[in-house]
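Architecture at a glance
Here are the chains, one letter per residue:
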Amino acid sequence: MRKTLQGFGRERFDYLVNNAGNSQHINFEKMTEADFDAVVNVHFKGVYFLTQKLLPLMNDGGRIVNTSSGLTRVAVPGSSAYAAAKGAVEILTRYLAKELGPRRITANVVAPGPIQTDFSGGMVRDNPEVNKMVSAMTALGRPGVPDDVGPMIAALLSDENRWVNAQRIEVSGGLAL
């Protein structure tokens, strides 16, 4: 990481956005330990240890934004491991906010609802039935797009929101109200 930062002419950084992801829709009864590990390793373990490893390079007063999911609030069959890992990220975020407070580093979590991206093989974007179902479940009548989520992340990184800390902010257009 130090070499990467040096390539930008920097030795330290201010912002960390943890947004890696994969998705496996497997019902609880059929989830194997290997499938479970694959989900948890990316969605929780990766966030935990990447953040830990990067902290020495992060400036005091920096910002961390972790990505969760609306599925920590709404139960959808086949999403138990994914939602549990994202729930763990939400708890971790509160602990990061508390433990990193003395360095004035804030930690928040953004929980998008269904977004039209490549995630899950483009399921929300490319499957008309899923798109229609999500639209019917959302107060604003449509699935989200990346530009619906990005501004919230940018806002949490801004100095104007320096007092927002340890919060879960759902960006879902009013999913499943």
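Let us look at the structure shown here. Predicted model only: the values in this text are computed from it and were never measured.

What counts as what
- Residues numbered from 1 in each chain as written.
- Predicted model: local features only at pLDDT ≥ 70, side-chain atom pairs only at ≥ 80, totals over all residues.
- Heavy atoms only, no water.
- Helix = DSSP H or I, 4+ residues; strand = E, 2+ residues; numbered from the N terminus.
- Rg over C-alpha atoms; globule rule 2.2 N^0.38 Å.
- Contact = heavy atoms within 4.5 Å.
- Areas by Shrake-Rupley, 256 points an atom, 1.4 Å probe, with all protein chains shown as cover.
- Axes fitted to C-alpha atoms, helices over the stretch in contact; angles between N-to-C directions.
- Parallel < 35°, antiparallel > 145°, perpendicular 65-115°, else oblique.
- Nonpolar A, V, L, I, M, F, W, Y, C, P; charged D, E, K, R; others polar.
- Core = buried A, V, L, I, M, F, W, Y, C linked by side-chain atoms within 4.5 Å.
- Buried < 20%, exposed > 50% of the residue type's maximum accessible area, 1.4 Å probe, protein only.
- Polar contact = N/O pair within 3.5 Å; in protein donor to acceptor, adjacent residues only side chain to side chain.
- Phe/Tyr/Trp six-rings, centres within 6.5 Å; stacked < 30°, edge-to-face > 60°.
- Expected span 1.5 Å × (residues − 1).
- Arc of directions from axis to C-beta.
- Pairing = 2+ DSSP bridges.
- Right-handed = clockwise from strand over helix to strand, strands pointing away.

Let us look at the overall build of the protein chain. The number of helices and strands found in the protein chain is 6 helices and 4 strands. The linear arrangement of helices and strands in the protein chain, starting from the amino end, is α-β-α-β-α-β-α-α-α-β. The C-alpha atoms of the protein chain give 17 Å as radius of gyration, which agrees with the globular expectation for 177 residues (16 Å, within 12%). With respect to the three principal axes, the spread of C-alpha positions in the protein chain is 50 × 35 × 30 Å. Long-range contacts, defined as pairs at least 24 residues apart, comprise 74% of the intrachain contacts of the protein chain with a sequence gap of at least 6. By element, 57% of the accessible surface of the protein chain is carried by carbon and sulfur atoms, the whole surface being about 10,300 Å².

Attention shifts here to the packing of helix H4 (residues 119-126) against helix H5 (residues 128-137). In the contact formed by H4 and H5, the axes pass within 6 Å of each other and the chain directions differ by 65 degrees. In terms of orientation, H4 and H5 fall into the roughly perpendicular class. For the pair formed by H4 and H5, the contact residues are Met123, Val124, Arg125 and Asp126 on the first element and Pro128, Val130 and Asn131 on the second. A per-class count over the contact of H4 with H5 returns 4 nonpolar, 1 polar and 2 charged.

Looking now at the nonpolar core. Residues Phe13, Leu16, Met58, Ile64, Leu100 and Ile105 are the most contacted members of the largest nonpolar core, which totals 17 residues. With 5 residues, the single largest contributor to this core is helix H3 (residues 80-100). Among residues more than four places away in sequence, those in contact with methionine 58 are Arg12, Phe13, Asp14, Tyr15, Leu16, Arg63, Ile64, Arg103 and Ile105.

Mapped onto the elements of the fold, arginine 63 is located in strand S2 (residues 58-67). The exposure class assigned to arginine 63 is buried, which follows from its relative accessible area of 6%. A distance of 2.8 Å separates the side chain of arginine 63 from the backbone oxygen of glycine 61, its partner in a polar contact.

A few words now on the packing of aromatic side chains. As enumerated under the stated definition, the model contains 3 aromatic pairs in all. One aromatic cluster is present, built from ring pairs that chain together Phe44, Tyr48 and Phe49.

On to helix H6 (residues 146-157). Between its terminal C-alpha atoms H6 stretches 17 Å, which fits the 16 Å expected from 12 residues at 1.5 Å a residue. All buried positions along H6 are accounted for by Val149, Ile153, Leu156 and Leu157. Around the axis of H6, the buried residues are gathered within 100 degrees of arc, so they sit on the same side. Tucked inside the fold, the buried residues of H6 contact strand S1 (13-18), S2, strand S3 (106-112) and strand S4 (168-171).

Right, let's talk about the sheet that holds S3 for a bit. Working definition: the strands of a sheet are paired by backbone hydrogen bonds and lie parallel or antiparallel to each other. Taken together, the 4 strands give an open sheet; going across it, the order is S1-S2-S3-S4, and neighbouring strands pair in parallel fashion. This sheet does not close on itself; its edge strands, each paired only once, are S1 and S4. Taken pair by pair, the neighbouring strands of this sheet meet at an average axis angle of 20 degrees, ignoring direction. In this sheet, S4 lies alongside S3 in parallel orientation, the contact comprising 4 bridges. Within S4, the position partnered with valine 109 by the bridge is arginine 168. Against the sheet, H3 contacts S2, S3 and S4, and its axis sits at roughly 160 degrees relative to S3.

Next up on the list: the pairing of S2. One face of the sheet, then the other: side chains in a regular strand alternate in exactly this way. By the criterion of burial, S2 is predominantly enclosed, with 8 of the 10 residues buried. As paired strands, S1 and S2 are joined by 5 bridges and run parallel to one another. Counted as the bridge partner of tyrosine 15 is arginine 63 from S2. In this region the chain leaves S1, passes through helix H2 (residues 33-54) and returns to the parallel neighbour S2; the handedness of that crossover is right-handed. Bridging between S2 and S3 involves 5 bridges; their strand directions are parallel. Within S3, the residue paired with asparagine 66 across the bridge is valine 109.

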